[in-house]
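Structural overview
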Amino acid sequence: MPIKQSDYDALLAEYSNRDSAIALLKKHRPYLEMIPSMRRPDESLIAIPLPIVRIRPAKATTAINSSLAASPAAVSLPCDVAILMCDPEWKIKMGVEILVFIHRPHEDFSDLLGRWRQTQVLLDKDYEWLMPPRYEHVLSDGSDRIYPLFVIFPETPQRVQRGLVGAYLPFVMQVLDPVVEEVISESLSPESPTT
């Protein structure tokens, strides 16, 4: 049975919530241990769905080149959720950035891996995160180290899982709760006309 768009959307919505993002990291313990303070997780972690970064242009080496330098460009990353760690005391983003890639409907291994590779290329430059309004006060410069986490479904083709294992990329298998699926499918269905 293929992955449904509603399954993908359910997980995207779920991991947009900080508590659910922490629950996801609990499934891959090395990443859970990167959270600065488990006593204050609400101040230690920011989950950004469908994140955008502002890529800064390379520094010009001469006065002539500096006038030709482009302004920073906003770019939508091909990952699904960015999980950023913050120091709860200083309210600044720390060096750890975990990028979540949810297996999308009709996406094969090359497409899924390609999204990670494209993200690596984009973030190989100087960048800053465009933060949600609630976190605009947090200093958001990019880091030198990004970590991927792939989320697959039981319906994900076996070759995708084999490819992730072969590429030594961390992944978790997510089984959707039937109750959550039912609530989401009801919210997506058109309203019945009133009589």
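You'll find the structure just up there.
What comes next is a walk through the structure.

Some remarks on a nonpolar patch on the surface
On the surface, W90, I92 and L139 cluster together into a nonpolar patch covering about 370 Å² of accessible area. Tracing the backbone shows I92 in strand β5 (residues 92-102).

Looking at the sheet that holds strand β6 (residues 127-129)
Spatial strand order, β3-β2-β6: three strands in an open sheet with antiparallel pairing. In this open sheet, the two strands that pair with only one neighbour each are β3 (73-76) and β6. For this sheet, the mean inter-axis angle between neighbouring strands, taken without regard to orientation, is 30°. Both strand β2 (residues 52-55) and β3 contribute to a ladder of four bridges, which runs antiparallel. What sits directly across from I52, in β3, is S76.

A few points about the side chain of E107
Relative to the helices and strands, E107 resides in the loop between β5 and α5 (109-122). A residue is classified by how much of its surface remains accessible, and E107, at 9% relative accessible area, is buried. A polar contact is formed between the side chain of E107 and the side chain of R115, at a distance of 2.7 Å. Beyond its immediate sequence surroundings of up to four residues, E107 is in contact with I102, L112, R115 and V160.

Considering the pairing of strand β1 (residues 45-49)
Buried residues dominate β1, accounting for four of its five residues. Across five bridges, the pairing between β1 and strand β4 (residues 81-87) is antiparallel. For A47, the partnering residue across the bridge sits in β4 and is I83.

Focus on the sheet that holds β1
Spatially, the five strands line up as an open sheet ordered β1-β4-β5-β7-β8, and their pairing is mixed. Bordering the open sheet on either side are β1 and β8 (171-173), each of which pairs with just one other strand. With direction set aside, neighbouring strand axes in the sheet form an average angle of 25°. Strand contacts of helix α1 (residues 5-15): β1, β4, β5 and β7 (145-152), with the helix running at about 165° to β5, the strand carrying the most contacts. Contacts from α5 reach β5 and β7 within the one sheet, and its direction differs from that of β5 by about 155°.

As for helix α2 (residues 18-25)
Counting buried positions along α2 gives six out of eight residues, so the element sits mostly inside the fold. Residues of α2 that are buried include every one of R18, S20, A21, I22, L24 and L25, and no others. The N-capping residue of α2, defined by a side-chain oxygen 2.7 Å from the backbone nitrogen of D19, is N17.

Thresholds applied
Residues numbered from 1 in each chain as written. Predicted model: local features only at pLDDT ≥ 70, side-chain atom pairs only at ≥ 80, totals over all residues. Heavy atoms only, no water. Patch = residues over 30% accessible without salt bridge, like charges linked within 9 Å, V, L, I, M, F, W, Y side chains within 5 Å. Areas by Shrake-Rupley, 256 points an atom, 1.4 Å probe, with all protein chains shown as cover. Salt bridge = Lys/Arg side-chain N within 4 Å of Asp/Glu carboxyl O. Helix = DSSP H or I, 4+ residues; strand = E, 2+ residues; numbered from the N terminus. Pairing = 2+ DSSP bridges. Axes fitted to C-alpha atoms, helices over the stretch in contact; angles between N-to-C directions. Buried < 20%, exposed > 50% of the residue type's maximum accessible area, 1.4 Å probe, protein only. Polar contact = N/O pair within 3.5 Å; in protein donor to acceptor, adjacent residues only side chain to side chain. Contact = heavy atoms within 4.5 Å.

So far we have only geometry, and geometry alone does not tell us how the molecule works.
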